[in-house]
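Reading the structure
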Amino acid sequence: MDSKFVRPTRKDVAKLAGVSETVVSYVINNNRYVAQDKRVRVQEAIKKLNYRPNSIARTLKGKSSNHIVFIADQIVTEHFSLLISELDECAYDKGYMVSLCSNRNTEEFVREIIGRCCDGIIISSISFTKRFIQMFIDANIPVVLLENRDYSEIHGAGRINNGLYEGSRECVRYLGSLGRKNILYIDRYSARGHFSDMNDLRYRGFVHQMEESGYSSNPLERVITGCESVEALKQSVRDYLESGEKVDAFFGRNDKVACIAMQAAQEAGYRIPEDIAVIGFDNSTLGQYVMPTLTSVEIRRPEIARTAVDMLQEMIEQHKIPDPVHVSTKIIYRKSTDI
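Right, let's get into the overall build of the chain. Each helix and strand in the chain was counted, giving 13 helices and 12 strands. Once the C-alpha set of the chain is aligned to its principal axes, its extents read approximately 80 × 35 × 30 Å. Here the chain holds 339 residues, and 51% of them are scored as buried. In the chain, the share of contacts with a sequence separation of at least 24, taken over all contacts with a separation of at least 6, comes to 68%. For the chain, the exposed area adds up to about 15,700 Å²; of that, 47% sits on carbon and sulfur atoms.

Here it is, written out as structure tokens:
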């Protein structure tokens, strides 16, 4: 891609402040006396230019470690735990340390992250405000987006397509190949009101493939969403099953909600998979220990982590936006869909 961002340099700060680069260095490192008027001019120039010290250069001089911030919606889930483990290993091999932050979705949080002068940010979130993401980019911080949703209006970031959209479509096609066309999508539950819409790539993939396959003229009516708790989700599944609408498959946005829906159906007397086939997403260990074991979609976390760190390093060192990368998913077949 031709799009580039240009990070202001120490030389730019010195020119704007009317001082030498050495004076700028003294102010930044706070290790020499600098006259107050010069210090103020340097600080104002730094603020105006959104200047951030090059942490790689400082590390080479033995002055600091490189720092990457990873922002996610739910940092306690197994998926993010495994992903951060892979990121940490890849980053450490390249001389970086990774900090994990739960998305707080406020301007104060954004300013705090910017003020800590990290070298780069990786974001995996369906709810983090896009305006805040652009604020990071406008502050000249390299950003890599793990595409859980549509980011087409964000400019200046590295992008990794996790394969969620096509993986979701593949799930619908697979269930259809089993003769299961009355598929019910089980969305996440959230006490904070974070539910899926057409920006969410898993949800979008389900809707598009249901329409394309001719399984539903209005797939949005075949979605369980808006639940604030596990019990609310189970009750919504039970209510749908009692409504008379035919259901022969559940497609869970993640493994946990797939298992919750499966349990609700079993408690209502349905057999899995004879009556209702069930498929999840993320291929967590949970799916290996429920009965029956859960068919799920595997996200290639090691490849995603390696690519994200490589992208950030390219953005930091070469000051350019790398080409987008696509990482595919694959279905792991287990007993919940195997009659």
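What describes two packed helices is the angle between their axes and the distance between those same axes. Running from amino to carboxyl end, helix H6 (residues 107-115) crosses helix H7 (residues 130-138) at an angle of 20 degrees, the nearest separation of the two axes being 10 Å. With respect to H7, the axis of H6 lies roughly parallel. Relative to H7, H6 is oriented so that their crossing is right-handed. Side by side, H6 and H7 meet where Glu107, Val110, Ile113 and Ile114 of the first sit next to Arg131, Phe132, Met135 and Phe136 of the second.

Counting through the fold element by element, Ile304 comes out in helix H13 (residues 301-318). Apart from the residues lying within four places of it in its own chain, the contact partners of Ile304 are Leu83, Leu146, Ile160, Asn162, Ile299 and Val327.

Another point: the sheet that holds strand E5 (residues 158-161). In spatial order, the strands read E2-E1-E3-E4-E5-E11; together these 6 strands make up an open sheet with parallel pairing. Two strands close off the open sheet at either side, each with one partner strand: strand E2 (96-102) and strand E11 (325-326). Contacts from H6 reach strand E1 (66-72), E2 and strand E3 (120-124) within the one sheet, and its direction differs from that of E2 by about 170 degrees. Docked against the sheet, H13 engages E1, E2, E3, strand E4 (143-147), E5 and E11, running at close to 155 degrees with respect to E4.

Let us look at the sheet that holds strand E6 (residues 183-186). Strands pair in a sheet through their backbones, by hydrogen bonds, and they do so in one of two ways: parallel or antiparallel. Taken in spatial order, the 6 strands make up an open sheet running E7-E6-E8-E9-E10-E12, and their pairing is mixed. The sheet is open, and its two edges are formed by strand E7 (223-224) and strand E12 (330-332), each paired on a single side. Pairing of strand E10 (residues 295-298) with E12 involves 3 bridges; the strand directions are antiparallel. Across the sheet, Glu298 pairs through a bridge with Lys330, a residue of E12. Helix H8 (residues 164-177) rests against E6, strand E8 (249-252), strand E9 (277-281), E10 and E12 of the sheet, and its axis sits at about 170 degrees to E9.

Calculation notes
Residues numbered from 1 in each chain as written. Predicted model: local features only at pLDDT ≥ 70, side-chain atom pairs only at ≥ 80, totals over all residues. Heavy atoms only, no water. Helix = DSSP H or I, 4+ residues; strand = E, 2+ residues; numbered from the N terminus. Buried < 20%, exposed > 50% of the residue type's maximum accessible area, 1.4 Å probe, protein only. Contact = heavy atoms within 4.5 Å. Areas by Shrake-Rupley, 256 points an atom, 1.4 Å probe, with all protein chains shown as cover. Axes fitted to C-alpha atoms, helices over the stretch in contact; angles between N-to-C directions. Parallel < 35°, antiparallel > 145°, perpendicular 65-115°, else oblique. Left-handed = near helix turned anticlockwise from the far one by under 90°. Pairing = 2+ DSSP bridges.

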